[in-house]
Every structure is written in structure tokens, then in C-alpha cells.
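Understanding the architecture of this molecule
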Amino acid sequence: MKIALVAVMSINNKITQGSDTSIFEWASNEDGDFFKKLLSKHQVFIMGNTTYKTIKPRPSHEKLRIVMSHNPKDHKEEHVAGHLEFTSAAPVNIVADLVNRRYGSALLLGGSEIYSLFLDAGLVSDMYLTIEPSIFSGGLGLANKLSHNINCELITVDVLNKAGTVLLHYKNL
């Protein structure tokens, strides 16, 4: 199963601006356009509880959204099997379940802890990183809790706009 990670970040590796978890104030329209295209190519989206609360996705009949939470029982009213699911399972178990359900790919939407868990488990095949031309004084890094180094291969570099927004596509080795 292919797992792709997508993130937008500042030049100094911050995926949030201070304590504000929303990217909508600082991410470029071009990043938004790329993100929408990438979303259309996947049937499964995996995110953490904070990302879920930030974007507030609704259940969808076309897409499965999996929210990783330390307390999935807190979301039993929102849980819709096959559409919007909450779990505290480990990444390897989530992937095994998706394979059993015959899904071929999934897209990681964040945040930092989720990225770290999937990267540490060796489950990420591709990374799509948009670098916005900003430097933030605070915020969360892309993957702050890795237990080992990960080598990647750069596949493509695309300049998205005149301001200097850059999209990097990496494969994990």
C-alpha cells in the first residue's frame, strides 16, 4: 500500500504558525490548488485529532477519513463506519486494516505527531512538501518525534509562483 505525506511549511520547517494550527492564513493559493489535485487522487485520508478539529471534515460517501486519537471513544457520536472513523491503532495496524479493505493508497494530512509515527514505522512512500517563503518564530516542525534518520530521494522540484513557493516531491528510500 502506498502512503503519501503532504504538508505545507515555512522555510524553517514549521507546519504551524505559532499555536495556530490553521494554514489557511499563510499557505498560497497555488499550494491549495495542488492540494486539491492530490486529494482527488486518494480515497483515504489519515489525520490526527488536532488536524481533524482544524479542518472539520464531514463524512463522505466517496472518501474514507481516519482520525488518529488517543481517545477515539470521545468521538463516538461523529464516527460513521466506512466514512469518518476514529482510532487509537498504531500506523502499521491502520495500514493492515486498509489493505484488508482493499484500499491501495492513503494520504497523510498531518500533523507533526502523525507524520512522525508513519515515518518512524517506515510506511511513507512519497512526500509532497510545499515550502512557503516565510520564516515563523514559533510552531510545530514537520516530524519532531523521529527515533531514527530517514533518507529520501528528490523526484521533482516545481516553483509554484513568483513569490517563491516551491513544491518538492520525495520518495523515501
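Structure: see above.
Being a predicted model, the structure only gives us computed values, none of them experimental. Just so you know, the residues in each chain are numbered from 1, in the order the chain's sequence is written. Reporting of local features is limited, given that this is a predicted model, to residues whose pLDDT is at least 70; pairs of side-chain atoms are given and counted only at 80 or more, and all residues count toward the totals for whole chains, interfaces and linings. By convention in this description, side-chain values take in all heavy atoms of the structure and omit both hydrogens and water.

A closer look at the nonpolar core
Keep this limit in mind: Each nonpolar core is a collection of buried residues, namely Ala, Val, Leu, Ile, Met, Phe, Trp, Tyr and Cys, held together in the definition by side-chain atoms within 4.5 Å. Here's how the labels work: a residue is buried when its accessible area is under 20% of the maximum for its type, exposed when over 50%, partly exposed in between, all with a 1.4 Å probe on protein chains only. Helical segments are the DSSP runs of H or I of at least four residues, strand segments are the runs of E of at least two, and each set is numbered from the N terminus. Contacts are residue-level and defined by heavy atoms, with any inter-residue pair within 4.5 Å sufficient.
Membership of the largest hydrophobic core comes to 26 residues, with the highest contact counts inside it found for Leu5, Ile46, Leu98, Leu108, Phe118 and Leu142. For this core, the secondary structure elements donating two or more residues are strand 1 (2-9), strand 2 (44-48), strand 3 (64-68), helix 3 (91-100), strand 5 (105-110), helix 4 (112-120) and strand 6 (126-131). In contact with phenylalanine 118, not counting residues within four places along its chain, are Ile3, Ile46, Met68, Pro91, Val95, Leu108, Leu123 and Val124. Membership of the second largest hydrophobic core comes to 14 residues, among which are Ala4, Val67, Phe86 and Leu109.

As for the side chain of serine 69
Our working rule: Polar contact criterion, stated in full: a pair of N or O atoms within 3.5 Å, where within protein one must be able to donate a hydrogen and the other to accept it, and residues adjacent in sequence count only if both atoms are side-chain atoms.
Looking at the secondary structure, you find serine 69 in the loop between strand 3 and strand 4 (84-87). Engagement of the side chain of serine 69 in a polar contact is seen with the backbone nitrogen of asparagine 71, the distance being 3.0 Å. If we ignore the near neighbours within four places in the chain, the residues touching serine 69 are Asn49, His75, Thr87 and Ser88.

What about the pattern of salt bridges?
Using the following cut-off: Any Lys or Arg side-chain nitrogen found within 4 Å of a carboxyl oxygen on Asp or Glu counts as a salt bridge.
What the rule picks out here adds up to three salt bridges. Residue arginine 101 pairs with aspartate 97 through a salt bridge whose shortest N-O separation is 2.8 Å. Under the relative-accessibility criterion, arginine 101 is labelled partly exposed at 30%. For aspartate 97, a relative accessible area of 33% puts it in the partly exposed group. Here lysine 171 makes a salt bridge to aspartate 126, at a shortest N to O gap of 2.9 Å.

Overview of the layout of surface pockets
We apply this condition: Using only the protein atoms, space was sampled on a 1 Å grid; points where a 1.4 Å probe fits but cannot get out form cavities, open sets with protein on both sides within 12 Å along at least five of seven lines form pockets, and lining residues are those with an atom within 4 Å of a point. Grid points are joined across faces, edges and corners, and a volume is the space filled by probe spheres set on the points. Each residue is assigned to one class: nonpolar for Ala, Val, Leu, Ile, Met, Phe, Trp, Tyr, Cys and Pro, charged for Asp, Glu, Lys and Arg, and polar for all the others, Gly among them.
Empty space within the largest pocket amounts to approximately 1,100 Å³. As for the largest pocket, its lining consists of 47 residues, and the residues nearest its centre are Met47, Thr51, Leu109, Gly110 and Gly111. Those elements giving two or more residues to the lining of the largest pocket turn out to be strand 1, helix 1 (29-40), strand 2, helix 2 (49-55), strand 3, strand 5 and helix 4. Sorting elements by how many residues they give to the lining of the largest pocket places helix 1 first, with seven residues. Looking at side-chain class alone, the lining of the largest pocket contains 20 nonpolar, 20 polar and seven charged residues.

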